[in-house]
Amino acid sequence: MKKEILKVKFNFSLGKLSQLADENLDLIDRDIVEFTDKGFTPARRDEYVDAINKHKNFPTDQQMEGAKKTTTADKDAARSVVETHMRGILFAARIVFKENTGTFREFGEPNLTDQTDSDLSRLANAMVEVATTYQPQLAVEGITLAKIAELDTVQITFDRAIDLQKKAIHARDNSTENRAKTANALYDLLVKYADTGKLI
């Protein structure tokens, strides 16, 4: 079941909320004697200023989306490198062991493009083990232990890139909800103090 995303309580922009809160705080400061009489203390002012600053300093959707796109591009680039290394080993295995043999099948699914990121990472990891085992036979096609180690290194990089992309997507989703919470908290204070100002 998909989690429902929290929405803001108001129908204007987040920038407008910041502007309204700043203006409201200026009015409070101007009429501080009257607001103090209504229970507005320095601690409440600090709370209001803190809510304004939290709202203003919260990362924008564009910042979080940018981070997500950057990690996705990094992951895609790492995937391309892994596929290139895997294809080299698969090509050598096809020549040495022939395509329809059990030994060739040990190297994994030859259709790399259709694999999910996590499946490709798992296949690359398994290929390192199999290629290491059969390296003496693959040597005639130029597969060295150093080339197998390169596949291992790029597979680890790819696996980390997958994790970073997932974290960026999760952070983006959490950011949207936390931004709404922060904005709603500021909005509640704005309404409260605007209503107090009407009594002055």
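See the structure above.
Residues numbered from 1 in each chain as written. Predicted model: local features only at pLDDT ≥ 70, side-chain atom pairs only at ≥ 80, totals over all residues. Heavy atoms only, no water.

(A) Geometry of the nonpolar core. Membership of the largest hydrophobic core comes to 27 residues, with the highest contact counts inside it found for Val82, Met86, Ile89, Phe107, Leu138 and Leu151. Mapped by element, the contributors of at least two residues to this core are helix H4 (61–97), helix H6 (117–133) and helix H8 (145–198). The element that contributes the greatest number of residues to this core is H4, accounting for eight residues. When neighbours within four sequence positions are excluded, Ile89 is seen to be in contact with Phe107, Met127, Ala131, Ile143, Ile148 and Leu151. One finds Tyr48, Ile52, Leu186 and Leu189 within the second-largest nonpolar core, a separate group that totals 15 residues. (Core = buried A, V, L, I, M, F, W, Y, C linked by side-chain atoms within 4.5 Å. Buried < 20%, exposed > 50% of the residue type's maximum accessible area, 1.4 Å probe, protein only. Helix = DSSP H or I, 4+ residues; strand = E, 2+ residues; numbered from the N terminus. Contact = heavy atoms within 4.5 Å.)

(B) Spatial organisation of the pattern of salt bridges. Within this structure, the stated rule accounts for 16 salt bridges. Its salt-bridge partner being Arg30, residue Asp31 comes within 2.9 Å of it at the nearest N-O pair. Overall, the relative accessible area of 19% leaves Asp31 in the buried class. Looking at Arg30, the relative accessible area reads 59%, which means it is exposed. (Salt bridge = Lys/Arg side-chain N within 4 Å of Asp/Glu carboxyl O.)

(C) Fine view of the packing of helix H1 (residues 14–30) against H8. Interaxial distance between H1 and H8 falls to 10 Å at its minimum, and their mutual angle equals 35°. Note on packing geometry: the crossing formed by H1 with H8 is left-handed. Contacts between H1 and H8 pair Leu14, Leu17, Leu20, Ala21, Asn24 and Ile28 from the former with Arg179, Ala183, Leu186, Tyr187, Leu190, Tyr193 and Ala194 from the latter. Among the residues forming the contact of H1 with H8, the class breakdown is 11 nonpolar, one polar and one charged. (Axes fitted to C-alpha atoms, helices over the stretch in contact; angles between N-to-C directions. Left-handed = near helix turned anticlockwise from the far one by under 90°. Nonpolar A, V, L, I, M, F, W, Y, C, P; charged D, E, K, R; others polar.)

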